[in-house]
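Coordinates in review
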Amino acid sequence: MPEDYFGERIAERYDELLADMFDPAVVDPVVDLLAELAGNGAALELGIGTGRIALPLAQRGIRVHGIELSSAMLARLRAKPGAEQIDVTIGDFATTMVDGTFSLVYLVFNTINNLTTQDEQVACFQNAAAHLEAGGIFLVEVGVPALQQLSPGETFHTFHVSETHLGIDEYDVANQGLVSHHFRAVGGAFEKRSIPFRYVWPSELDLMARLAGMTLRKRWSGWKREPFTSDSTKQVSVWKKM
């Protein structure tokens, strides 16, 4: 079982710390696309968290099931209006199975990177495919590795600077890993939180999908179907189960 980096200390402030990500201007395009892809079927969210996407998706009439490792994050979801519509299974989303099949399985907000080995990421694609009905869709939203922004020999990339938050990614290029360091102002002092990830390339994801019996249908650089280019910093990729 992977280590849970989203325990009570993080869960109690998660929605507050990521308030910008809960803005309707951010959430609505995500839900619009997911609802379209789900159609008349059901959706499975891997790493459902506190329900940022699942709750508004369920409000659109989509039957949503989730898998979540953190019981603390799930408790926050359960306390919100509309949560009774969503079934959630506690477990590792790379291997945990739930009953039934789905027209859509999705992973958002870089959650695939929480799996810190290639084997775990491959298993995640296989698990997604196992939950999809024939012709079903697997969608992943994840950042494109920022290696172009590193000078030769450098390992640190600062991705966010404000009066209350400093974010620095530490890259381990040889092992395709990174650690995101977050320094936040809390109670007049700075708290440090570091989380390990494994970054992944678009072509690598396509190969994982192929190994799981899926093929690429679309790749965009955002939720409004912006074209994916060499300058894109994020990908929203869609694979179809054959």
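These remarks concern the structure in this document.

Cut-off values and rules
Residues numbered from 1 in each chain as written. Predicted model: local features only at pLDDT ≥ 70, side-chain atom pairs only at ≥ 80, totals over all residues. Heavy atoms only, no water. Helix = DSSP H or I, 4+ residues; strand = E, 2+ residues; numbered from the N terminus. Expected span 1.5 Å × (residues − 1). Buried < 20%, exposed > 50% of the residue type's maximum accessible area, 1.4 Å probe, protein only. Arc of directions from axis to C-beta. Contact = heavy atoms within 4.5 Å. Pairing = 2+ DSSP bridges. Axes fitted to C-alpha atoms, helices over the stretch in contact; angles between N-to-C directions. Salt bridge = Lys/Arg side-chain N within 4 Å of Asp/Glu carboxyl O. Parallel < 35°, antiparallel > 145°, perpendicular 65-115°, else oblique. Left-handed = near helix turned anticlockwise from the far one by under 90°. Nonpolar A, V, L, I, M, F, W, Y, C, P; charged D, E, K, R; others polar. Core = buried A, V, L, I, M, F, W, Y, C linked by side-chain atoms within 4.5 Å. Polar contact = N/O pair within 3.5 Å; in protein donor to acceptor, adjacent residues only side chain to side chain.

Turning next to helix 6 (residues 118-131). A rise of 1.5 Å per residue sets the reference length of helix 6, with its 14 residues, at 20 Å; its end C-alpha atoms lie 20 Å apart and thus fit the reference within 8%. Among the residues making up helix 6, those that are buried are Gln-121, Val-122, Cys-124, Phe-125, Asn-127, Ala-128, Ala-129 and His-131.

For the rest of this paragraph, the subject is helix 7 (residues 202-211). When helix 7 is considered as a whole, its buried residues turn out to be Pro-202, Glu-204, Leu-205, Met-208 and Ala-209. Buried positions in helix 7, seen along its axis, are confined to an arc of 160° and lie on one side of it. Helix 7 presents Ser-203, Arg-210 and Leu-211 as exposed residues on the side facing more than 90 degrees away from its buried surface. Buried residues belonging to helix 7 abut helix 6, strand 5 (132-143), strand 9 (189-198), strand 10 (214-220) and strand 11 (234-241). At the C-terminal side of helix 7, Gly-213 shows a positive phi close to 85°.

With that settled, consider the sheet that holds strand 8 (residues 177-186). Overall, antiparallel pairing links the four strands, which are arranged 6-7-8-9 in an open sheet. The open sheet has two free edges, formed respectively by strand 6 (156-161) and strand 9, since each of these has just one partner strand. Put simply, the sheet's adjacent strands are angled 20° from each other on average, direction ignored. Pairing geometry for strand 8 and strand 9, over 10 bridges, is antiparallel. Note that in strand 9 the partner of Ala-185 across the bridge is Phe-190.

Before going further, it helps to examine the pattern of salt bridges. In the structure shown here, the tally under the stated rule is nine salt bridges. Here Arg-198 ties to Glu-204 by a salt bridge, and the two come within 2.8 Å at their closest N and O atoms. Residue class for Arg-198 comes out buried when judged on its relative accessible area of 7%. A salt bridge links Asp-206 to Arg-219; its shortest N-O distance comes to 2.6 Å. Placement of Asp-206 in helix 7 and of Arg-219 in strand 10 is noted, with a sequence separation of 13 residues between them.

Right, let's talk about the packing of helix 6 against helix 7 for a bit. It is at 8 Å that the axes of helix 6 and helix 7 come closest, and there the two elements cross at 55°. Here helix 7 runs oblique to helix 6, going by the angle between their axes. In this structure, helix 6 crosses over helix 7, and the sense of that crossing is right-handed. Together, Gln-118, Gln-121, Val-122 and Phe-125 of helix 6 and Glu-204, Leu-205, Met-208 and Ala-209 of helix 7 make up the contact between the two elements. Here the residues of the contact of helix 6 with helix 7 are counted per class, giving five nonpolar, two polar and one charged.

This paragraph deals with the nonpolar core. Nonpolar side chains in soluble globular proteins tend to be buried together. Core analysis: the largest hydrophobic core is formed by 30 residues, its most contacted members being Leu-34, Leu-57, Tyr-106 and Leu-139. Mapped onto this core, the elements with two or more residues apiece are helix 3 (24-38), helix 4 (54-59), helix 5 (71-78), strand 4 (102-107), strand 5 and strand 11. At seven residues, helix 3 tops the list of elements feeding residues into this core. Counting residues in hydrophobic clusters, the runner-up holds 28 residues, among them Ile-112, Phe-138, Val-140 and Leu-205.

This brings us to the side chain of His-165. With respect to the helices and strands, His-165 occurs in strand 7 (residues 165-172). We classify His-165 as buried; its relative accessible area is 7%. Of note is the side chain of His-165, whose polar atom sits 2.9 Å from the side chain of His-160. Not counting the four nearest positions on each side in its chain, His-165 is found in contact with Phe-159, His-160, His-182, Phe-183 and Arg-184.

Take the sheet that holds strand 5 next. Strands sit in the order 3-2-1-4-5-11-10 across an open sheet of seven strands; the sheet is mixed. In the strand order of this sheet, the two ends are held by strand 3 (87-90) and strand 10, each with one partner. This sheet shows a mean twist of 20° between the axes of neighbouring strands, independent of strand direction. Of the strands in this sheet, strand 4, strand 5, strand 10 and strand 11 are in contact with helix 3, which crosses strand 4 at around 150°.

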